[in-house]
Amino acid sequence: MSLVRTPQSPGAAVGTEEAPATNRAWLFYLKAMAPYVVGGVLFIVAITVLHRMVGSFHWRDVTEEIARIGWDRVILALGFTAFSFVTLVGYEIYGVRWAGKRLPLLHIATASFVTQSIAHCTGFAPFVGAGVRYRFYVSQGLGALDVAKVQAFFTFTFSIGVATLSGIILVATPETLGAATKIPTAVWFSIGCLLLIAVSGYIFWGWLKPRSIEVRGHRIEAPSPGITIIQICLGLLDLGAAATAFWVLLPPELGLSLPSAIAIFTAAIMVGVVSSVPGSLGVFEGAVMVLLHPSDDLVVAVLGALVLFRICYYLVPLLLGAAIMGGLEVARIRGWLGSVGQLTVRAVGPMAPTLFAILTGVAGVILLLSIATPARQVRLDQLASYLPLAVIELGHIWDSLMGAALLLVARGLYRRVQGAWLLAVLCLATGALASLAKGFDYEEAAYLVLVLVLLLPCRSEFYRRSSLLDERLSAGWLVAVAMVLAAMVWILFFAYRHVDYDHSLWASFALEAEVSRSMRGATVAVIAAALLGLAQLLRQPPAAPRPATAEELERARPIVARHGAASAMLVFTGDKALFFDRTGEAFIMYAVHGRSWVVMGEPVGPKERWAELLWDFHSQVDRHGGRTVFYQVGPDALPWLLDLGLRPVKIGESARIALAGFDLQGRHRAELRNVRNKAPRAGLTFELLPPARVEEELAELARVSDAWLGERKTREKRFSLGRFDPAYLAATPCAVVRQQGRIVAFANIWRSADDQEASIDLMRSEPDAPSGTMDYLIVETILWAKAQGFAWFDLGMAPLSGLPGHRLASLWSKFGRMAVRHGGRLYNFQGLRAFKSKFEPTWRPAYLLYPGISLGRVLPDITALIAGGWSGIVNR
């Protein structure tokens, strides 16, 4: 809504020239796919290296080497893993303090452990960690900037730890990597010196006054020297403990010193980070093999140590994190926790989808790798005395299907789909039984049962009633599934490399025909995953959105009458599509431009229907490959929209007048009082037309509107503003100002469903109307609303108003304030704010919510929607 010249929108200043669509699309596609391509290449290289180094050995050699590692070394590795995670809690404590916040130690420790147990098992750990932390801390009053500071502190601490540790190791023992990589020792020594110099510079930065620098409009402030020393110590302890856990599991016959092991471990970790492969799976192992280059008789022993390290450092913490979450949920249900525990439960709950997606995905990986490897012969012989061969064969096939299904169900869990929870429960339960039936693999059955037990009490966290087939698999998810299937096939060839291939193996059904069962199981898993992936690619997308039909507008009318805010009347402009919830009790109005699906305002309907409505809409946008955007949303709706993973930016403030205290008395209202007193002398009178009278005066109103548009050389705007449409205007009351009986100005009026709020939308006047006519119209309308018993009167939004001016404010805020200062030729931002301030309103923030880092793409689309297309921007 607007009280002066219709704006082009806050995004207009960004620039609206359309780049060549094809080049931009290709650039976006290449940038989006680059991480997956790099990760895939490194994964393939790692698998190739592993195949060359261990290809001549038998699978049983690996399992025997794992069994030879004593429990004392495993317990020691678990101890160093625990110490590493304790230091990560230190990261978190000082990160929260650096953000200027104070939280209970138990809460911070829980956040740290659960977050890192998840982040370690994923690619893009910094981004995953930031997302999980945001979900954890947002319930504790921390905003996005606070969480960003915690994540930045964590990342800097890890980075400074890696740099310091690497520098010390390379200076002390440069020959370790020199021998492993054939790069001269002097080069490694020089790199170590440079790293230590960089760390020293970072420490020195903390002593400078001021301790801040500006990078691309963002001011970065260095921690104090004391905090910097703590960062270095925490980083050294964390990486040192993790590397020591890795070192104690390596075979002593390698003769590898702890400093050399730390150097190799750090280098392999960095290769894994660059790959972005989930958990650096395969890439870390391949890098270690290349750097260690063990002799032939130690290759299998090193591989066994790497498998155990994966279990100790990745899988065990992940299971403990899930156990914490599941235990807290069970305790909450039974009422065993005090206030601190309940607080933790509320915070941990939002992370359940991410954690259980990982746990379920790991379960799928375990099942798929299990079917590719031979069962233990002793167990198989004992099992055959109780079960017929058909059951063993069926168990093998079923586990292959459940493995593929769990990989794909994990995506649904991540998206909080209720059906995914139910299917995951069925897959885990039947998968555990099939694991026992196919070879009495009680270890993997125990893991599946554990995940099942932890998942059961968390059903309330998976509330979206959406079809799993409607959940679009992302490129990253498909690449991850493809990597798992490729690893399964490679392990199949490795485990049975001593068996000569023959076509008859496919049809061989016997207890000792393990290779045949594995071949059939792997084939079933690959085919099942491929068919589902193909179904996703070939699935007919939902119908393209279209403006609401007359029938849909009639469906929306009673909802607006019962639950709508004043702005909900925008639905009757007819230029937006409607998306109803499954009960038909609520809806949202939206329009599409480019890939942006822009929702105007908040959902309309009872708030208990909002969550499902928003997720269903978000899913439909995702199926179209679009971007979910919400425009002009108030602060009350933010919790629902933040849960969708959208990012908010403030785009202005709405001016709302509390009518109970509004009058024209006192010196501060002298200007408004004078406007009202002068109007009769100019022959002006005010009248409020009910909807029935509006239709009779449409010709006069059209004359005023055409003159207003012609004088400003502009055309009708859309989407966030009403336009002159006879059907739309006839549905609302209209305030008019007459001069000698002739209409010279008008404004249609919105009213909320509970008659608590009134507002003005379309407001126009003749070019030759007396000075002060518009002010007079507004004053009289406000007084009318007060007399009618309304509590609030909304003057509309002042774009880019109220943006923070702090030096640490976001780049968007700085850009917005610059546009307000220097953008007067495009839009009178300051004049509009000053005009509305005369009424002494309460300013209510308005937000734009958008996905990821797509603000630069979203703003032009919103601008085009409001302008009625790209041509509307040019022609105004």
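Let me begin by describing the structure that accompanies this report. Fair warning: this is a prediction, and the values are worked out from it, not measured in the lab.

Parameters and conventions
- Residues numbered from 1 in each chain as written.
- Predicted model: local features only at pLDDT ≥ 70, side-chain atom pairs only at ≥ 80, totals over all residues.
- Heavy atoms only, no water.
- Helix = DSSP H or I, 4+ residues; strand = E, 2+ residues; numbered from the N terminus.
- Buried < 20%, exposed > 50% of the residue type's maximum accessible area, 1.4 Å probe, protein only.
- Contact = heavy atoms within 4.5 Å.
- Pairing = 2+ DSSP bridges.
- Axes fitted to C-alpha atoms, helices over the stretch in contact; angles between N-to-C directions.
- Salt bridge = Lys/Arg side-chain N within 4 Å of Asp/Glu carboxyl O.
- Polar contact = N/O pair within 3.5 Å; in protein donor to acceptor, adjacent residues only side chain to side chain.
- Core = buried A, V, L, I, M, F, W, Y, C linked by side-chain atoms within 4.5 Å.
- Parallel < 35°, antiparallel > 145°, perpendicular 65-115°, else oblique.
- Nonpolar A, V, L, I, M, F, W, Y, C, P; charged D, E, K, R; others polar.
- Expected span 1.5 Å × (residues − 1).
- 1 Å grid on protein atoms, 1.4 Å probe; cavity = no way out; pocket = protein on both sides within 12 Å on 5 of 7 lines; lining within 4 Å.
- Points joined across faces, edges and corners; volume = space filled by probe spheres on them.

Some remarks on the overall build of the chain
Looking only at helices and strands, one finds 32 helices and 13 strands in the chain. When each of the 876 residues of the chain is scored for burial, the buried share is 53%. Of the contacts made within the chain by residues no fewer than 6 positions apart, 76% connect residues no fewer than 24 positions apart.

Side note on the sheet that holds strand β13 (residues 842–851)
Spatial strand order, β3-β4-β5-β6-β13-β7-β12-β11-β10-β9-β8: 11 strands in an open sheet with mixed pairing. A single partner strand is all that each edge strand has here, and the edge strands are β3 (577–580) and β8 (684–689). Direction aside, the axes of adjacent strands within the sheet are offset by 30° on average. As paired strands, strand β7 (residues 646–658) and β13 are joined by 10 bridges and run antiparallel to one another. Paired with L646 across the two strands is P851, which belongs to β13.

Concerning the pattern of salt bridges
Going through the model one piece at a time under the given rule, you end up with 27 salt bridges. We note a salt bridge from R627 to D861, for which the minimum N-O separation is 3.3 Å. Of this pair, R627 sits in strand β6 (residues 627–633) while D861 is found in helix α31 (residues 855–867), placing the two residues 234 residues apart along the sequence. Judged on exposure class, the residue R627 and its partner D861 are both buried. The partner of K650 in a salt bridge is E653, with the nearest N and O atoms 2.9 Å apart. Exposure class is identical for K650 and E653. Each is buried. Put simply, E687, R693, E696, E697 and R738 are held in one network by salt bridges that share partners.

Let's talk about the side chain of R669
Mapped onto the elements of the fold, R669 is located in the loop between β7 and α24 (670–681). Reaching out from R669, the side chain makes a polar contact with the backbone oxygen of D663 at a distance of 2.5 Å. Ignoring sequence-local partners within four residues, the contact set of R669 consists of F662, D663, L664, K838, F839 and E840.

Some thoughts on the nonpolar core
One broad trend across soluble globular proteins is that nonpolar side chains are buried collectively. One finds L578, F587, Y631, L701 and L848 to be the most contacted residues of the largest nonpolar core, which totals 49 residues. If we skip the residues at most four places from it in the chain, L701 touches V694, F724, C734, V736, I743 and F746. One finds A77, F265, V299 and V302 within the second-largest nonpolar core, a separate group that totals 47 residues.

Thoughts on the environment of S117
Within the secondary structure, S117 is located in helix α4 (residues 105–119). When the C-alpha atoms of S117 and L319 are compared, they prove to be 8.4 Å apart, with 202 residues separating the residues in sequence.

Section: the pairing of strand β12 (residues 792–799)
With 7 of its 8 residues buried, β12 lies for the most part within the structure. Bridge analysis of β7 against β12 gives 6 bridges, and the strand direction is antiparallel. Bridge pairing links I657 to F793 in β12. Sheet topology places strand β11 (residues 757–765) next to β12; 3 bridges connect them, and they run parallel. Among the inter-strand pairings, A758 is bridged to a residue of β12, identified as F793.

Some thoughts on the packing of α24 against helix α28 (residues 773–787)
Their axes nearest at 9 Å, the elements α24 and α28 cross at an angle of 105°. Taken together, the axes of α24 and α28 are roughly perpendicular relative to one another. For the pair formed by α24 and α28, the contact residues are L672, V675, R676 and A679 on the first element and D775, Y776, V779, E780 and L783 on the second. A class-by-class count of the residues in the contact of α24 with α28 yields 6 nonpolar, no polar and 3 charged.

What about helix α16 (residues 389–414)?
The end-to-end C-alpha distance of α16 is 38 Å, a good match for the 38 Å that 26 residues give at a rise of 1.5 Å each. Phi turns positive, to about 65°, at R416, one or two residues after α16.

Considerations on the layout of surface pockets
Computed from the structure, the second largest pocket encloses a volume of approximately 870 Å³. Along the walls of the second largest pocket sit 39 residues, with A565, S567, E602, E757 and R844 positioned nearest its centre. The element contributing the most residues to the lining of the second largest pocket is β12, with 4 residues. When its residues are assigned to classes, the lining of the second largest pocket shows 17 nonpolar, 13 polar and 9 charged.

Function cannot be read off these values alone, since they describe shape.
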